[in-house]
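Topology and contacts: notes
Each chain, written out:
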Amino acid sequence: MIEVAILSGLAGIVIGHILTRLRDLRRNMDRLPRIESKLDALIAHAGAHFDPLDGVDPSVAEALARRKKILAIQHYREATGAGLKEAKEAVEDIQRRMLREH
């Protein structure tokens, strides 16, 4: 009986730690677009060239060039295995960077 209580307590501690780490990770991921925007501004201010499509799957870039955002999101998900929310945010970020370049 005592072993079960100890194991339950340890499981609770481990689960609590994992949930805390996941919350911290989510907070950092939410800050990433702001950090990228600031970095883009610094690159532009320095006069350096930045290709907003560098590293972007060609099918995503082509869909964006044709103004097919939903198709771009689908291609992004296929290329990266990302979830819908993550893919939508990534495609919108690529769009913002493309607009800043032009």
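Let me begin by describing the structure that accompanies this report. (Residues numbered from 1 in each chain as written. Predicted model: local features only at pLDDT ≥ 70, side-chain atom pairs only at ≥ 80, totals over all residues. Heavy atoms only, no water.)

This part is about the nonpolar core. Counting residues in hydrophobic clusters, the biggest one holds 14 residues, and the most contacted among them are Val60, Leu64, Ala72, Tyr76, Val91 and Ile94. Secondary-structure elements contributing two or more residues to this core are helix 2 (58-65), helix 3 (69-80) and helix 4 (84-101). Ranked by residues supplied to this core, first place goes to helix 4 with five residues. Beyond its immediate stretch of four places on either side in the chain, Leu64 contacts Ala72, Val91, Ile94, Gln95 and Met98. (Core = buried A, V, L, I, M, F, W, Y, C linked by side-chain atoms within 4.5 Å. Buried < 20%, exposed > 50% of the residue type's maximum accessible area, 1.4 Å probe, protein only. Helix = DSSP H or I, 4+ residues; strand = E, 2+ residues; numbered from the N terminus. Contact = heavy atoms within 4.5 Å.)

If you check which residues of helix 2 are buried, you get Val60, Ala61, Ala63 and Leu64. Down the axis of helix 2, the buried set is contained in an arc of 165°. They therefore lie on one face. Summarising the geometry of helix 2, the exposed residues directed more than 90 degrees from the buried face are Pro58 and Ala65. (Arc of directions from axis to C-beta.)

From the geometry alone we can't say anything about function, so treat these as descriptive.
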